[in-house]
Amino acid sequence: MANNLPIANDTIAAIATAPGAGGIGVVRVSGPLAASIAAQILGHCPPPRHAAYLSFLQADGVLIDRGIAIYFPNPHSYTGEDVLELQAHGGTALMQILLARCIECGARHAVAGEFTQRAYLNDKLDLAQAEAVADLINASTEEAARSAVRSLSGEFSNAVQDLLHQLIDLRMYVEACLDFPEEEIDFITQGRVLEKLQQNQGTLQRIFHQAKQGALLREGMNVVLIGQPNVGKSSLLNALSGEEVAIVTPIAGTTRDTIKNVIQIQGVPLHIIDTAGLRETEDTVEQFGIARTWKAIASAHVALLLVDSQHGIGVFEKSILEKLPSQVKKVWVHNKIDVSRETSRTDIIDHEQHVFLSAKTGLGIPLLQKTLLEMIGYQPGGEGVFMARARHLQALQAVSEHLSYAVSQMNAAELIAEELRCAQEALGSITGEFTPDDLLGEIFSRFCIGK
């Protein structure tokens, strides 16, 4: 694996379990002093990869606790270094005492993410897998956790690597063609370069689709509820959340500030923001709430414009629509159909999405949930979805642009080679494995012995 970060040769220690008291707590040590620290705390270093029930001792022999110790000699450990794990009772004070003892024995405090960074530097994980560790820990839904596990197990990296090898092979062929400019042979046509480029584009699109689905599971989407006072924004928030998170009264202007709640729809996290009703007001507090409403709208992916189904869309609602940022997707939500006696449904009117529902009775809420998923392009139940981040999508988009330009330059082998080089570099940035020397290594490895 190529990287420019120095591999540390010191020993680090940290509490590996979540903050706070628990039944079990773990202190993890990684580095060349792990065996020595084990001997100082336990009296001896336990056999490799065997759980041993031992006493954890202070320097003067005073008992800290009794627990499980496991020693993992390099390279067969998470970090690729010697690793010691001490499992004790999970009291907050006890964990700090045990960590301090490890520091006393020669370790230093690890910084955030340093164990996983060492795993990456020691070729135990590539960059995409290392990022998946954090994504798995922070997964807020079951689907997001499954997606992160796929990335951690290498599914995303393997897909990227397969495409990367195809690009390298094609680039090698095109650059070899450049060495024979005097030949009257159309190497580009004979080598089916266009056909292979188009195959690569198809593979890339499949990877991009899976990564985009995973990015939605990781990031979710911001949904803001806007409209005039008393149209049912808070009721809709409660209906989507499945609990009473917002105060609902018949008094207009009850909600004077933004209220945020995180829910999930088929595994996708939704950050729902209920806002102060938009209207002209002399109330200073309400004015602050309205200002925050517009701030929330600016960062939203989808805006739900609520209207009373009895009154429909009026001049004021249309004026709100005109002020919304162009990048924010809009859905007209016609609430209170239980009063207007309409049926729940979705409709496209003047190229705009409309959903008719009752936040009070829940009629039509599933239609709104389905509409939201469709608007962000999420397809529930997709197999092979792996966790991805914004930088991954940007890299894949860059690869797509380079391949498209290469297809448009079939009469210029030099430009094709350059676009393939750029595509290779962008794709390699996902796993952190690309350096300019990579291509040289591939080329020379295919030479005959003695050449």
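Computed from a predicted model, the values in this text were never measured in an experiment. (Residues numbered from 1 in each chain as written. Predicted model: local features only at pLDDT ≥ 70, side-chain atom pairs only at ≥ 80, totals over all residues. Heavy atoms only, no water.)

Engineer: Can you walk me through the overall build of the chain in this structure?
Structural biologist: Along its length, the chain carries 16 helices and 13 strands. Taken across its 451 residues, the chain has 46% of its residues classed as buried. Counted over contacts in the chain with a minimum sequence separation of 6, partners at least 24 positions apart contribute 64%. (Helix = DSSP H or I, 4+ residues; strand = E, 2+ residues; numbered from the N terminus. Buried < 20%, exposed > 50% of the residue type's maximum accessible area, 1.4 Å probe, protein only. Contact = heavy atoms within 4.5 Å.)

Engineer: Help me out: how do you make sense of the sheet that holds strand β5 (residues 83–90) in this one?
Structural biologist: Sheets are built from strands that pair by backbone hydrogen bonding, the pairs being arranged parallel or antiparallel. Strand order in the open sheet formed by 6 strands is β3-β4-β5-β2-β1-β6, and the pairing between neighbours is mixed. Strands with a single pairing partner mark the edges of an open sheet, and in this sheet they are β3 (52–57) and β6 (108–109). Taken together, the 4 bridges between strand β1 (residues 12–15) and strand β2 (residues 22–30) define a ladder with antiparallel strand orientation. When the sheet's bridge partners are listed, Ala-13 is paired in β2 with Val-29. Helix-sheet contacts for helix α2 (residues 92–104) involve β1, β2, β3, β4 (63–72), β5 and β6, and the interaxial angle to β5 is about 155°. This element, helix α3 (residues 114–121), spans β1, β2 and β6 of the sheet and lies at about 135° to β1. (Pairing = 2+ DSSP bridges. Axes fitted to C-alpha atoms, helices over the stretch in contact; angles between N-to-C directions.)

Engineer: Hey, could you run me through the environment of Gly-232 in this one?
Structural biologist: Relative to the elements of secondary structure, Gly-232 occurs in the loop between β7 (221–227) and α9 (233–241). On the accessibility criterion, Gly-232 (13% relative accessible area) is buried. Here the alpha-carbon distance between Gly-232 and Ser-358, two residues 126 residues apart in the chain, equals 9.0 Å. Excluding anything up to four places from it in sequence, Gly-232 contacts Leu-306, Asn-335 and Ala-359.

Engineer: Explain the packing of α9 against helix α13 (residues 365–375) here, please?
Structural biologist: Relative placement of two packed helices is described by the angle separating their axes and the distance separating the axes. Interhelical geometry of α9 versus α13 gives an angle of 80° and a closest axis separation of 11 Å. One way to sum up the angle between α9 and α13 is to call them roughly perpendicular. Each of Leu-236, Ala-239 and Leu-240 in α9 lies in contact with α13, whose residues at this interface are Ile-365, Leu-368 and Gln-369. In the contact of α9 with α13, the residues fall into 5 nonpolar, 1 polar and no charged. (Parallel < 35°, antiparallel > 145°, perpendicular 65-115°, else oblique. Nonpolar A, V, L, I, M, F, W, Y, C, P; charged D, E, K, R; others polar.)

Engineer: Can you walk me through the packing of aromatic side chains in this structure?
Structural biologist: Any aromatic ring pair is given by two values, namely how distant the centres are and how the planes are angled relative to each other. Under the defined criterion, the tally for this structure stands at 1 aromatic pair. For the pair Phe-156 and Phe-386, a centre-to-centre distance of 4.6 Å together with 15° between the ring planes defines the contact as stacked. With Phe-156 in helix α6 (residues 155–177) and Phe-386 in the loop between α13 and α14 (390–407), this pair connects stretches of sequence that are 230 residues apart. Above the plane of the ring of Phe-115 lies Arg-28, whose end atom (NZ or CZ) is 5.6 Å from the centre. Over the ring of Tyr-173 we find Lys-196; its NZ or CZ atom is 5.9 Å from the centre of that ring. (Phe/Tyr/Trp six-rings, centres within 6.5 Å; stacked < 30°, edge-to-face > 60°. Lys NZ or Arg CZ within 6 Å of the ring centre and 35° of its normal.)

Engineer: When you look at the environment of Ser-235 in this model, what are you seeing that I'm missing?
Structural biologist: Along the chain, the position of Ser-235 falls in helix α9. Take Ser-235: its relative accessible area is 21%, and that puts it in the partly exposed class. When the C-alpha atoms of Ser-235 and Ser-358 are compared, they prove to be 9.1 Å apart, with 123 residues separating the residues in sequence.

Engineer: Can you help me understand unusual backbone geometry in this one?
Structural biologist: Keep in mind that most residues, glycine aside, have a negative phi and that most peptide bonds are trans. Going from Asn-74 to Pro-75, the amide bond is cis rather than trans, its omega being 0°. Mapped onto the elements of the fold, Pro-75 is located in the loop between β4 and β5. A positive phi angle, near 50°, is found at Gln-266, a position not held by glycine. Tracing the backbone through its elements, the reader meets Gln-266 in the loop between β8 (259–265) and β9 (268–274). You will see that His-351, though not glycine, has its phi angle at about 65°, which is positive. Counting through the fold element by element, His-351 comes out in the loop between β12 (345–349) and β13 (352–356).

Engineer: Whenever I open this one, the pairing of β4 confuses me. Can you help?
Structural biologist: In regular strands, side chains alternate between the two faces of the sheet. Pairing between β3 and β4: 6 bridges, direction antiparallel. Across the sheet, Ser-55 pairs through a bridge with Arg-66, a residue of β4. Once β3 ends, the chain turns through 5 residues before running back antiparallel as β4, passing Gly-61 with a positive phi of about 90°. Summarising the sheet, β4 and β5 pair through 5 bridges and their orientation is antiparallel. By the bridge assignment for β5, Phe-72 is matched with Val-83.

Engineer: It is not clear to me how the pattern of salt bridges should be interpreted in this structure. Could you clarify?
Structural biologist: Proximity of charged atoms lets side chains of opposite charge pair with each other. Applying the stated rule across the entire model yields 20 salt bridges. The salt bridge involving Arg-171 is made with Glu-175; its shortest N-O contact spans 2.9 Å. With Arg-171 and Glu-175 both in helix α6 and 4 residues apart, this pair spans about one turn of that helix. A salt bridge links Lys-336 to Asp-308; the nearest nitrogen and oxygen atoms lie 3.8 Å apart. Of the two residues, Lys-336 sits in the loop between β11 (329–335) and α12 (337–340) while Asp-308 sits in strand β10 (residues 302–308), which places them 28 residues apart along the sequence. Where salt bridges share partners, they join Asp-10, Glu-81, Arg-108, Glu-114 and Arg-118 into one cluster. (Salt bridge = Lys/Arg side-chain N within 4 Å of Asp/Glu carboxyl O.)

Engineer: Sorry if this is basic, but what is going on with the confidence of the model for the chain here?
Structural biologist: Close inspection of predicted coordinates is inappropriate for parts of the model with low pLDDT. Predicted confidence across the chain gives a mean pLDDT of 82, with 82% of residues reaching 70 or more. Here residues 435–451 is a poorly scored stretch, pLDDT under 50, and it has 13 contacts once near neighbours within four places are set aside; other chains count. (pLDDT = per-residue confidence, 0-100.)

Engineer: So what exactly am I meant to see when it comes to helix α15 (residues 413–431) here?
Structural biologist: Since one α-helical turn is 3.6 residues long, residues separated by three or four positions face the same way. The end-to-end C-alpha distance of α15, which contains 19 residues, comes to 28 Å, matching closely the 27 Å that a straight helix rising 1.5 Å per residue would cover. Within two residues after α15, Gly-432 carries a phi angle of roughly 80°, on the positive side. (Expected span 1.5 Å × (residues − 1).)

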